[in-house]
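Overview (structure and organization)
Now for the letters of each chain:
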Amino acid sequence: RAAPRATGPHNVCRLLARRAHGFYARDAGVAHRKNLGLLRKIMCQESTKFKNVWTTHSASPIAYERGRIYMDNYQCCISSIAQAPRILYQKSKCAKSEKIEDALLLECPLGEMLPSPSDYKASLIVLTVQNWLLRLSADSGEVLEKVYLAGSCCKSFRYLSWDTPQEVMVVKTVQNKLPAAARQAGIQQSVLFYLAVFQVLPLSFIGMLEINKKIFGNSVTDVAVSNGILIVMYSMGLVRLYNFKAILEQFMEQPFDLGQEFNWNGQVGVVGKYPFGLPCNIKITDTPPLLFEASSLENAFQIGGYPWHYIITPNKKKHKGVFHICSLKDNALAKNGIQDMKCCSLEPDWIYFHPDMSGRIIHVGPNLIKVLKLKEVKNHTDQMEIAEDFTIVANRENCVNNTVTVTASGRVVKKRFNLLDDDPEQETFKIVDYEDELDLLSTVAVTQIGADGRAHLDFHCNEHGILLKSIPLRESWDVTYSHEVYFDKDLVLHIEQKPNRRFSCYVYQMVCDTAKDD
């Protein structure tokens, strides 16, 4: 017998909201959401601690991706999920010609039929110094696929990035520059960059295009593709946006598949095989239609929010640290859209759209984090204003910054200077991140007295900013070093880069506090 139709509200928005909150037990994601909710509650309990379970040091960079620690130029992979980190695979040291320049983690899409069983497991896409694109098993390091990129025209692919995360990947060369002798001889170089575009899982070649100064101008400094937009940056701070999909459709001369035999411009070979590589089959012969342009200091430009807005810094050095939030529709500055913390610090404050897709904005200064939101101006529905959602303030209760002090003998001493806002002896925010599965905002704050610096990782409620948990990091934190901190469910990982290419990795895992541990 058919089950009776459930009675209740038929409003689509209410049904979606109820499903998101787990009201329907047969929904596939309900159990996962409940488990993550339990994990968040356990993690934020006072009795739950994070214990430093493993520390390692290396002479080469250390990388972290989804529970895996990569060392020795990705030749060694260590799982950080187990109670104690364990080696997943260890490959022999590679030659300099096989050095890996960049890498992306590739995860299986849900609900899709894939041609190979290995496609359903996580893999690592790596780019070698000799222009090979390899897909490696994330658990064994086995080479699953390999593509040779560079034909006769391009010799220096170095960067991997996502156009659409886990769907479309872009491989970019370094900027082509002629040697000084060639320039003196009058040789002209018009191609600045090459971009190769791939669909992933299954790995397929979409096309390769060149960024030519004859089309885009002489002052191009960098180029990127993101969310279907070709972004071109110029030396004078100008940023121009073009429709990348339209460029592919308009200027593609001939599509090619990996492994296909081809005869292209007098060359005969196989697509993606050595020595021919990939054909440059997208030739931009005319300037594409411009979607949008803006001028910003150091090409800093971001789009987000709802309705769409963008963030820039006016293109003058005196405006560094001043951010304008404007409507993408008509370039109108939002009400209260000029954000300026007026920081007096060595390191500038920074701003970005919140990665939780809420449309909010995070503005981070040395001692203050502002979470801002866009809302309609009262009685003016066509205008938006920036309002403060909540703030997080550094703990500087014990900080005394008197300009006048009196010595024991009664002598009055006046200071000729004030402390900087990010003075190491004051608690200062260094890192702000978002853990999407637990819906927590994490911050790293550091205080350094003498040679000894102390840091703590704090978890805040993403909705209201309330402090839920504080975790002290046991190792000393030197503010002059480079640091990365990853918070991944029940794991905290700190990677530190010291001078002379010395790297350290500290792994913390969630444990229940017991009398034995004490």
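Owing to the predicted nature of the structure, the values given are computational and were not obtained by experimental measurement.

Moving on to the overall build of the chain. A count of helices and strands for the chain gives 5 helices and 36 strands. Relative to its full complement of 518 residues, the chain shows a buried share of 43%. Restricting the contact set of the chain to residue pairs at least 6 apart, pairs at least 24 apart contribute 47%. Roughly 28900 Å² of accessible area belongs to the chain as shown, and the carbon and sulfur atoms make up 51% of that amount.

This brings us to the nonpolar core. Judged by nonpolar contacts, the single largest core of 28 residues is most densely connected at Leu-133, Leu-149, Met-169, Val-171, Phe-198 and Leu-278. Elements that contribute at least two residues to this core include exactly strand E6 (100-106), strand E7 (123-128), strand E10 (157-164), strand E11 (168-173), strand E12 (191-199), strand E13 (204-212) and strand E17 (261-264). With 4 residues, E12 is the single largest residue contributor to this core. Excluding residues that lie within four positions of it along the chain, Leu-149 makes contacts with Leu-127, Asn-131, Leu-133, Phe-157, Val-171, Phe-198, Met-208, Gly-277 and Leu-278.

This paragraph deals with the pattern of salt bridges. Here the structure, examined in full by the defined rule, presents 17 salt bridges. One salt bridge connects Glu-210 with Lys-283, and the closest N-O pair in it is separated by 3.9 Å. A residue pair is termed long-range when its members are at least 10 positions apart, and Glu-210 in strand E13 and Lys-283 in the loop between strand E18 (267-270) and strand E19 (290-295) qualify at 73 residues. Relative accessible area serves as the criterion here: at 14%, Glu-210 is assigned to the buried category. Residue classification places Lys-283 among the partly exposed residues on the basis of a relative accessible area of 28%.

Spanning 14 residues, helix H2 (residues 30-43) covers 20 Å between terminal C-alpha atoms, matching the ideal 20 Å at 1.5 Å per step. Looking at H2, one finds that the buried residues are Val-30, Leu-36, Leu-39 and Met-43. Among the structural elements, strand E1 (48-58), strand E31 (440-449), strand E32 (452-461), strand E33 (467-473), strand E34 (482-488) and strand E36 (502-512) are those in contact with the buried residues of H2.

A few words on the UniProt feature "transmembrane region" (unreviewed entry) in the chain. As recorded in UniProt, the sites labelled "transmembrane region" (unreviewed entry) are residues 191-211 and 223-242. Overall, residues 191-211 shows 0% helix and 81% strand. The separation of its end C-alpha atoms is 6 Å.

Pairing within the open sheet is antiparallel, and its 4 strands lie in the order E14-E15-E16-E19. Among the strands making up the open sheet, the edge pair consists of strand E14 (220-226) and E19. Averaged over all pairs of adjacent strands, the angle between strand axes in this sheet comes to 20 degrees, irrespective of strand direction. One ladder, built from 5 bridges, connects strand E16 (residues 238-243) with E19; its direction is antiparallel. Bridging from a neighbouring strand, Leu-238 pairs with Ser-295 of E19. Taken strand by strand, helix H5 (residues 244-251) contacts E14, strand E15 (229-234) and E16, and its axis lies near 60 degrees from that of E16.

Attention now goes to the pairing of strand E26 (residues 368-377). Sheet topology places strand E25 (residues 361-364) next to E26; 4 bridges connect them, and they run antiparallel. Paired with Ile-361 across the strands is Leu-372, a residue of E26. Linking two consecutive strands that pair antiparallel, namely E25 and E26, is a turn of 3 residues. Pairing between E26 and strand E27 (residues 380-393): 10 bridges, direction antiparallel. Looking at the pairing, Ile-369 lines up with Ile-392 of E27. Hairpin remark: E26 followed by E27, antiparallel, with 2 residues in the connecting loop; positive phi at Asn-379, about 70 degrees.

So, how was this worked out
- Residues numbered from 1 in each chain as written.
- Predicted model: local features only at pLDDT ≥ 70, side-chain atom pairs only at ≥ 80, totals over all residues.
- Heavy atoms only, no water.
- Helix = DSSP H or I, 4+ residues; strand = E, 2+ residues; numbered from the N terminus.
- Buried < 20%, exposed > 50% of the residue type's maximum accessible area, 1.4 Å probe, protein only.
- Contact = heavy atoms within 4.5 Å.
- Areas by Shrake-Rupley, 256 points an atom, 1.4 Å probe, with all protein chains shown as cover.
- Core = buried A, V, L, I, M, F, W, Y, C linked by side-chain atoms within 4.5 Å.
- Salt bridge = Lys/Arg side-chain N within 4 Å of Asp/Glu carboxyl O.
- Expected span 1.5 Å × (residues − 1).
- UniProt positions renumbered as here; feature names shortened; annotations may be inferred.
- Pairing = 2+ DSSP bridges.
- Axes fitted to C-alpha atoms, helices over the stretch in contact; angles between N-to-C directions.

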